Amino acid sequence: MNRLIVAFLAAVALAGAFLAPPALGEEYWIAWEGDTFPEEGEWSRFYGNWDGPWQGQAYRTLHDNMLTIDSLYDQGVFDFYWIERPGAIDPGPGEIFVMEWSLRVDEIDASHPTHPYDPTVAVRSNDLWGIGLEFGIDGVYSVFEYVTLALDMTTMHQFRVVSPDMRTYDLYVDSSLFYSGEFVEVHSDSYVAWGDGIQGAASVHHWGYFRVGVVPEVEEIPSAHSGLGVVPDQVSEVSASRKQETFGTAAH
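One structure accompanies this document, and this report is about it.

The rules behind each value
Residues numbered from 1 in each chain as written. Predicted model: local features only at pLDDT ≥ 70, side-chain atom pairs only at ≥ 80, totals over all residues. Heavy atoms only, no water. Helix = DSSP H or I, 4+ residues; strand = E, 2+ residues; numbered from the N terminus. Buried < 20%, exposed > 50% of the residue type's maximum accessible area, 1.4 Å probe, protein only. Contact = heavy atoms within 4.5 Å. Areas by Shrake-Rupley, 256 points an atom, 1.4 Å probe, with all protein chains shown as cover. Polar contact = N/O pair within 3.5 Å; in protein donor to acceptor, adjacent residues only side chain to side chain. Salt bridge = Lys/Arg side-chain N within 4 Å of Asp/Glu carboxyl O.

## Observations regarding the overall build of the chain
A count of helical and extended segments in the chain gives 1 helix and 18 strands. A burial count over the chain gives 52% of its 252 residues as buried. Taking the contacts inside the chain whose residues are at least 6 apart along the sequence as the reference set, 74% of them involve residues at least 24 apart. Approximately 10700 Å² of the chain is accessible, and the part contributed by carbon and sulfur atoms is 51%.

## As for the environment of His157
Following the sequence through the fold, His157 ends up in strand β12 (residues 157-163). Along the chain, His157 and Val105 lie 52 residues apart, while their C-alpha atoms are 9.8 Å from each other. Of note is the side chain of His157, whose polar atom sits 2.7 Å from the backbone oxygen of Asp152. In terms of polar contacts, His157 uses its side chain to reach the side chain of Asp174, at 2.7 Å.

## Comments concerning the pattern of salt bridges
Oppositely charged side chains can form a pair if their charged atoms are brought close together. Within the structure shown, the criterion is met by 7 salt bridges. The salt bridge involving Glu39 is made with Arg60; its shortest N-O contact spans 2.7 Å. Highlighted residues: Glu39 in the loop between β1 (28-32) and β2 (44-49) and Arg60 in strand β4 (residues 59-62), separated in sequence by 21 residues. For Arg45, the salt bridge goes to Asp79, with nearest N and O atoms at 2.6 Å. One end of the pair, Arg45, is in strand β2; the other, Asp79, is in strand β6 (residues 78-84), with 34 residues separating them in the sequence. Considered together, Arg45 and Asp79 belong to a single accessibility category, that of buried residues. Here the residues in one salt-bridge network are Glu33, Glu100, Arg160 and Arg211, joined through shared partners.

## With respect to unusual backbone geometry
The phi angle at Trp54 is positive, at roughly 65 degrees, despite the residue not being glycine. Positionally, Trp54 belongs in the loop between β3 (52-53) and β4. Assessed through its relative accessible area of 44%, Trp54 is described here as partly exposed. Phi is positive for Met166, which is not a glycine, with a value near 60 degrees. Relative to the assigned elements, Met166 resides in the loop between β12 and β13 (168-173). With relative accessibility at 0%, the residue Met166 sits in the buried group.

Structural data, given as structure tokens:
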């Protein structure tokens, strides 16, 4: 039986006892630029395998400001980074939430043939609304919206999520608007997470940077990078029977 799951809630439960809430109503910007392993900065690392947390990990290399995560040897491995900000994720009046990263996927080995994804990005708002994005060779899957977006992920792309209210969001790829979507109510605390987030699939993929924060709202979001301008030609809804859970569980 295929068991495609994510173990982030366990990490939040372990950490909740000793993490103090950040100050509310403050702008913030947390950036990992590929120059060190993320856990050497502000990010916490969480990994494991079928035997449980801390029992296995992906092979990782850091070269030329690029983090490679390789879990192909074991579909049970998960290995990702997260930061918890209880009650301090959302933008306030006159502000916007921004999350941006670069990612390339070289190979996927998934036990479920209709769900070939492994690298993951997730965010949960102060009042438990969330986005979960999973990445495969040829597409991006928005978990809670049941939406698949066609995109060749074998090329490095620059992604950006922008939201004024943590209810709606725009996803940009290589400086072009790629998709406009909605947050979904979920059962988990406020946090941001990224990495090899799926247990039941394995992959080789590469991250160049990951940044997240709340910044002053402007009329037009400036582009941080010149991109390849790739825009998908297909957006299709997928059956609820294919839904997989990414860093949390959707509310019903």
